[in-house]
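Topology and contacts: notes
Now for the letters of each chain:
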Amino acid sequence: MRFIGNKENLVDKIYQVMQSKNIKGSSFFDVFSGATSVSKYFKKLNYQVFSSDILYFSYVLQQAYIVNNEEPIFEKLLSVIKTQSNLLLPSPLFLVVEYLNQIKPVKGFIYKNYTPAGTFELKQPRMYFSDENGKLIDAIRQKIEDWKTRDLINQNEYFVLLACLIETVPFYSNITGVYGAFQKKWDVRATKKLVLRPIELIINKKENSSYNDNSLNLVSKIKADIFYLDPPYNQRQYAPNYHILETIAKYDNPKIKGVTGLREYQDQKSNFCNAKTGIIELSTIAKEANCKTLILSYNTEGIMPREEILSTLKQYGKVELVEFEYLRFKSNSNGEARHKKFIKEQLYILKKYEK
């Protein structure tokens with residue numbers, strides 16, 4: 001998934017740094033889980049993983065990737081729906097995804113609010129999705145909810161199917177990277193018919209947990225060897241940048257406003273989007289974190305000053321800073337920084353004093 005600050009391409013390097021610094025453990029708390037790239041990586045390494053995010057669509061991904069620890073069999077559902085496949089031994093998930101790819105489109109909330117035909121009366125009709133794909137998203141989302149209501153799928157199966165939809169939608173969205181704005185001309189991929197994709201299932205033998213909460217409420221309650229923090233780096237709040245994924249996940253018919261059809265996000269703002277409040281929150285987390293090692297992922301363009309981060313963390317243990325270069329995320333390539341190709345990732349490693 002295209003996600004601001006996604007660590008999918010950096011997590012290998014982060015783990016190498018951890019090994020070089022002799023950071024060991026069997027449990028890992030991904031404090032701001034986002035698109036779950038880091039959580040998934042450490043689950044594959046057989047850590048017990050705890051994850052959290054204030055965004056509900058992230059929680060859906062966490063439930064499907066991190067908490068779910070078995071291949072869904074859809075026993076009840078497959079006994080009442082007709083499926084067919086050209087594969088010799090298709091998985092139950094594949095069969096259900098194929099069924100959803102054949103259902104009849106419907107005009108629901110996404111079509112009515114985020115497609116040109118659904119918003120034709122606006123001065124600037126919204127072009128997040130083609131008319132056909134808007135109806136397909138609605139049809140798939142409504143069918144998943146209907147199956148849950150009729151008790152044809154269990155909780156794991158429900159979240160796995162929602163995750164399939166959330167992971168598929170960005171491939172057909174008419175955006176440059178985030179949902180803060182739509183493009184006024186059609187991206188080629190947005191004109192293609194949406195085809196639902198099954199997600200990767202990750203199985204380990206640990207009891208993993210996920211939370212849809214302000215992580216500040218959890219840091220003193222969850223005990224893990226390693227706490228990993230990857231907060232926002234700048235003033236841009238995540239909630240408005242992913243408001244449509246949030247609406248697809250919740251499918252709660254929210255009140256929306258403005259050119260982009262933005263949902264209310266007052267309760268989902270991060271203090272890390274302000275340098276002063278970010279430092280205060282970092283101090284609280286570092287103080288209360290029930291862990292041996294805390295790792296803060298940041299970068300050289302972050303709004304919290306390096307020296308303030310170091311002085312804050314040094315109150316609670318021994319701190320080391322490791323930096324390495326990486327290729328800039330495309331949607332950040334604007335303004336004065338548009339000519340830069342690489343920036344530095346910063347790993348602030350806090351080994352906490354023993355209580």
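Structure shown above.
The paragraphs below set out a description of the structure included in this document. (Residues numbered from 1 in each chain as written. Predicted model: local features only at pLDDT ≥ 70, side-chain atom pairs only at ≥ 80, totals over all residues. Heavy atoms only, no water.)

**Points about the nonpolar core**
- Counting residues in each nonpolar core, the largest one holds 109 residues, and the members touching the most others are Phe 42 and Phe 227.
- Sort the elements by how many residues they give to this core and helix H8 (residues 155-168) lands first, with 9 residues.
- The contacts of Phe 42, once residues within four sequence positions are left out, are Val 11, Tyr 15, Met 18, Phe 28, Tyr 47 and Val 49. (Core = buried A, V, L, I, M, F, W, Y, C linked by side-chain atoms within 4.5 Å. Buried < 20%, exposed > 50% of the residue type's maximum accessible area, 1.4 Å probe, protein only. Helix = DSSP H or I, 4+ residues; strand = E, 2+ residues; numbered from the N terminus. Contact = heavy atoms within 4.5 Å.)

**Focus on the sheet that holds strand E1 (residues 27-30)**
- Strand order across the open sheet formed by 7 strands is E3-E2-E1-E4-E7-E9-E8, with mixed pairing between neighbours. Here the strands that pair on one side only, and so sit at the sheet edges, are strand E3 (209-211) and strand E8 (317-327). Strand after strand, the sheet turns through a mean of 15 degrees between neighbouring axes, direction not considered.
- Sheet topology places E8 next to strand E9 (residues 342-352); 11 bridges connect them, and they run antiparallel. When the bridges of E9 are listed, Glu 325 appears paired with Lys 344.
- On the sheet, helix H11 (residues 275-288) packs against strand E4 (226-229), strand E7 (293-299) and E9 and is oriented at approximately 40 degrees with respect to E9. (Pairing = 2+ DSSP bridges. Axes fitted to C-alpha atoms, helices over the stretch in contact; angles between N-to-C directions.)

**Structural notes on the pattern of salt bridges**
- Under the criterion given, the structure shown has 10 salt bridges.
- For Lys 21, the salt bridge is made with Glu 320, and the minimal N-O distance between the two is 2.6 Å. Here Lys 21 is found in the loop between helix H1 (11-20) and E1, whereas its partner Glu 320 is found in strand E8, with 299 residues between them in sequence.
- Residue Glu 320 is classed as partly exposed on the basis of its relative accessible area of 35%.
- The salt bridge involving Asp 252 is made with Arg 263; its shortest N-O contact spans 2.7 Å. (Salt bridge = Lys/Arg side-chain N within 4 Å of Asp/Glu carboxyl O.)

**Considerations on empty space enclosed by the protein**
- Evaluated as defined, the whole model comprises 1 cavity of 30 Å³ or more.
- Considering only enclosed or pocket space, the largest cavity measures out at about 30 Å³ in volume.
- For the largest cavity, the full set of lining residues is Leu 55, Ala 239, Tyr 242, Glu 246, Arg 263, Tyr 265 and Gln 268.
- The residue makeup of the lining of the largest cavity, split by class, is 4 nonpolar, 1 polar and 2 charged. (1 Å grid on protein atoms, 1.4 Å probe; cavity = no way out; pocket = protein on both sides within 12 Å on 5 of 7 lines; lining within 4 Å. Points joined across faces, edges and corners; volume = space filled by probe spheres on them. Nonpolar A, V, L, I, M, F, W, Y, C, P; charged D, E, K, R; others polar.)

**With respect to the environment of Tyr 211**
- Note that Tyr 211 resides in strand E3.
- Note: C-alpha distance between Tyr 211 and Leu 262 (51 residues apart in sequence) is 24 Å.
- Not counting chain neighbours up to four residues away, the residues in contact with Tyr 211 comprise Ser 51, Ser 52, Asp 53, Tyr 59, Gln 62, Leu 218 and Ile 222.

**Regarding the packing of aromatic side chains**
- A complete count under the given rule lists 20 aromatic pairs for this structure.
- Between the aromatic rings of Phe 28 and Phe 42, the centroid separation amounts to 3.9 Å while the plane-to-plane angle is 10 degrees, which identifies the pairing as stacked. Residue Phe 28 is located in strand E1, and its partner Phe 42 is located in helix H2 (residues 37-44); the two are separated by 14 residues in the primary sequence. The pair Phe 28 / Phe 42 is uniform in exposure class, with both members buried.
- Chaining the aromatic ring pairs together yields one cluster made of Tyr 15, Phe 28, Tyr 41, Phe 42, Tyr 47 and Tyr 228.
- For the cation-ring pair, Lys 40 lies above Tyr 65, with the distance from its terminal atom to the ring centre recorded as 4.1 Å.
- Over the face of the ring belonging to Tyr 158 we find Lys 148, whose NZ or CZ atom lies 4.4 Å from the ring centre. (Phe/Tyr/Trp six-rings, centres within 6.5 Å; stacked < 30°, edge-to-face > 60°. Lys NZ or Arg CZ within 6 Å of the ring centre and 35° of its normal.)

**Side note on the side chain of Ser 283**
- Relative to the assigned elements, Ser 283 resides in helix H11.
- Judged by relative accessible area, Ser 283 falls into the buried class, the value being 16%.
- Side-chain polar atoms of Ser 283 contact the side chain of Tyr 316, separated by 2.8 Å.
- Setting aside residues up to four positions removed in sequence, Ser 283 forms contacts with Thr 312, Gln 315 and Tyr 316. (Polar contact = N/O pair within 3.5 Å; in protein donor to acceptor, adjacent residues only side chain to side chain.)

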